[in-house]
Amino acid sequence: MVQSNDNHVKVIVHRGTKNIGGCCTEVEYKNTRLAIDFGSPLPEEKTSKLDISGLTNGKSEFDAVLFTHYHGDHVGEAGKINADIPIYMSGFAKDIIAAYKKHNWHCFAEIDPNMVTELKAGKEIEIGALRVLPILSDHSAAESLMFLIKAGNFQILHTGDFRLHGRYREELLDSVKKLGKIDLLITEGTTLSRKEEEKDNYTEERVEAEIKRCLYENDYCFIILSSTNFDRLQGIKNSVNAYRHDKKTKGKYFLIDNFQQSLFEIADKRLPERYKFGKEVSYRSGLDEKMKDRGFIMLIRMGKKQEDIFRKYMKECPERSCLIYSMWSGYMKTGKLKELTDIAHDRNRLRIIHSSGHVTVQDLKDFVDVLAPEHVIVIHTKDTEKFDCLKKQIPIKDGEALEFQTC
Ligand SMILES: [Zn+2]
């Protein structure tokens, strides 16, 4: 391995040039070493265990691990990091992880949220010889962060997962345009290798408009989506509020469960500017008659009572019901999601309304044009080496060390 000296910054992608899930990138400068993200590979990805000397075994040699957001493919293996290495993430990500642990101890079992140092967007921190500025991003996980890492005058922008068709694209573009010269851009490239993701290119506003239309056209709506896609959940909340406003005497229920309510409370506490959920109704059996009378939109959680209710409505009054599927299409090809979406599809009651959390290929090219970085490394994609569609892209393999002169 190449030895670093004071005028060089070293970058190693430990995992992420051949995988979408489980990325981990290292930046080293003047003996300060930090890693960004340490997640789980996606279920379909075959990859060997990620073990890094000084990070997951042996005497600790890393000064910090930074997490961009709370999705499992970015934070899922954080529990393997040596306990004495400080970990950093947004306060919101920390609370979401704590809520999941409380709900189901299997989730994030090895992570102790009490050991997390909270990052605030816009507030620069110093880690040894490096300075890190967290930047609020736009992704399907709320409060996702990009990191501007400064090694002297050398500036690295690590995007984490992001997109430019969500609610906060303008805010994000405004922020990155103020960063000055970017020497190295380390960007996600999910859509470069996952073409079906490209099709989900509605804006989040368009998704909200389509969900609202379903709500007005159907008395009984069921929706399958991630519990932590707060932008999407905010869209549902806005649609329900609009409906209640228009049809004052007969508003609709937004039916959730106690776990979802606990996530809404975290969002209301942590994200007061961006999101407003308040209190909604958790489903209980005594509500059946009122639900039928007033109508509703209900989040379906697998293997629960909601699933039985969905089957009942699809059988008894399909013409007044619909199922909105609002996740990546790859997930509905097998198992329970296939079973449920097939039921709705067979009755012509399935509506697929989704927007990817990942930047489209064209937006990524435009992003590179706007930033005009000196060098680009693509991670969070399959077979980085096969793609060279981005300007200034450098080929890199997992575990390979690249060195850059800082002055
Ligand atoms: Zn993500």
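Here the structure is a predicted model, which means the values were calculated and not measured.

### A closer look at the overall build of the chain
Consideration 1: The secondary structure content of the chain amounts to twelve helices and 19 strands.
Consideration 2: Counting only residues that meet the buried cut, the chain has 58% of its 407 residues in that class.
Consideration 3: For the chain, the share of sequence-separated contacts (at least 6 apart) that also reach a separation of at least 24 residues comes to 70%.
Consideration 4: Counting only carbon and sulfur atoms, one obtains 48% of the accessible surface of the chain, whose full area is about 17500 Å².
Consideration 5: Taken together, the 63 basic and 63 acidic charged side chains of the chain have centroids lying 5 Å from each other.

### Examining the coordination of the zinc ion
Consideration 1: Listed as protein donors to the zinc ion are H69 (NE2), H71 (ND1), H139 (NE2) and D161 (OD); their distances from the metal cover 2.2 to 2.3 Å.
Consideration 2: Coordination at the zinc ion is irregular, judged from the four donor atoms that bind it and the angles of 93 to 168° they form at the metal.
Consideration 3: Here the donor residues for the zinc ion map to a single chain with the spacing H-x1-H-x67-H-x21-D. A residue pair is termed long-range when its members are at least 10 positions apart, and H71 in the loop between β4 (64-66) and α1 (72-75) and D161 in the loop between β10 (154-158) and α3 (169-177) qualify at 90 residues.
Consideration 4: Using a relative accessible area of 2% as the deciding quantity, one classes D161 as buried.

### Some points on the sheet that holds strand β12 (residues 220-224)
Consideration 1: The six strands are arranged β14-β13-β15-β12-β16-β17 in an open sheet whose pairing can be described as parallel. Both edges of this open sheet fall to β14 (281-282) and β17 (350-352), since each of them pairs with a single strand only.
Consideration 2: Where β12 and strand β16 (residues 321-325) come together, five bridges link them in parallel fashion. Across the sheet, the residue bridging to I223 is I324, located in β16.
Consideration 3: Of the strands in this sheet, β13 (253-256), β14 and β15 (296-299) touch helix α8 (residues 258-270), which is tilted by about 105° from β13.

### Quick notes on the layout of surface pockets
Consideration 1: By volume, the largest pocket amounts to about 1400 Å³.
Consideration 2: Lining the largest pocket are 48 residues, with H71, S226, T228, M327 and Y331 sitting closest to its centre.
Consideration 3: Listed by contribution, the elements that provide at least two residues to the lining of the largest pocket are α1, α2 (91-103) and α8.
Consideration 4: Considering each element in turn, the lining of the largest pocket owes the most residues, three residues, to α2.

### Observations concerning the pairing of strand β9 (residues 145-151)
Consideration 1: Taken across its seven residues, β9 has seven buried, putting it largely inside the fold.
Consideration 2: Side-chain alternation along β9 places L145, F147, I149 and A151 on one buried face and M146, L148 and K150 on a second face that is also buried.
Consideration 3: The pairing of strand β8 (residues 130-136) with β9 spans seven bridges and is antiparallel. By the bridge assignment for β9, P134 is matched with F147.
Consideration 4: Across five bridges, the pairing between β9 and β10 is antiparallel.

### Looking at the pairing of strand β2 (residues 24-29)
Consideration 1: Counting buried positions along β2 yields six of six residues, so the element is predominantly enclosed.
Consideration 2: What you see with β2 is no split at all: C24, E26 and E28 on one side and T25, V27 and Y29 on the other are buried throughout.
Consideration 3: Pairing of strand β1 (residues 8-15) with β2 involves six bridges; the strand directions are antiparallel. Looking at β2, one finds that V11 is bridged to V27.
Consideration 4: With five bridges connecting them, β2 and strand β3 (residues 32-36) associate as antiparallel partners. The partner of E26 across the bridge, within β3, is A35.
Consideration 5: The hairpin turn running from β2 into β3, its antiparallel successor, is two residues long, and K30 in that turn takes a positive phi close to 45°.

### As for unusual backbone geometry
For residues besides glycine, phi is generally negative; the peptide bonds are generally trans as well.
Consideration 1: With phi around 60°, E143 is a residue other than glycine that occupies positive phi space.
Consideration 2: Owing to a relative accessible area of 19%, E143 belongs among the buried residues under this scheme.
Consideration 3: Although it is not a glycine, K392 sits at a positive phi angle of roughly 65°.
Consideration 4: Mapped onto the fold, K392 is located in the loop between β18 (375-379) and β19 (401-405).

Basis of the calculations
Residues numbered from 1 in each chain as written. Predicted model: local features only at pLDDT ≥ 70, side-chain atom pairs only at ≥ 80, totals over all residues. Heavy atoms only, no water. Helix = DSSP H or I, 4+ residues; strand = E, 2+ residues; numbered from the N terminus. Buried < 20%, exposed > 50% of the residue type's maximum accessible area, 1.4 Å probe, protein only. Contact = heavy atoms within 4.5 Å. Areas by Shrake-Rupley, 256 points an atom, 1.4 Å probe, with all protein chains shown as cover. Lys, Arg positive; Asp, Glu negative; His and termini not counted. Charge placed at Lys NZ, Arg CZ, Asp CG, Glu CD. Donors = N, O, S within 2.8 Å, 3.2 Å for Na, K, Ca; no water. Tetrahedral: all angles 85-135°; square planar, octahedral: opposite > 155°, others 65-115°. Pairing = 2+ DSSP bridges. Axes fitted to C-alpha atoms, helices over the stretch in contact; angles between N-to-C directions. 1 Å grid on protein atoms, 1.4 Å probe; cavity = no way out; pocket = protein on both sides within 12 Å on 5 of 7 lines; lining within 4 Å. Points joined across faces, edges and corners; volume = space filled by probe spheres on them.

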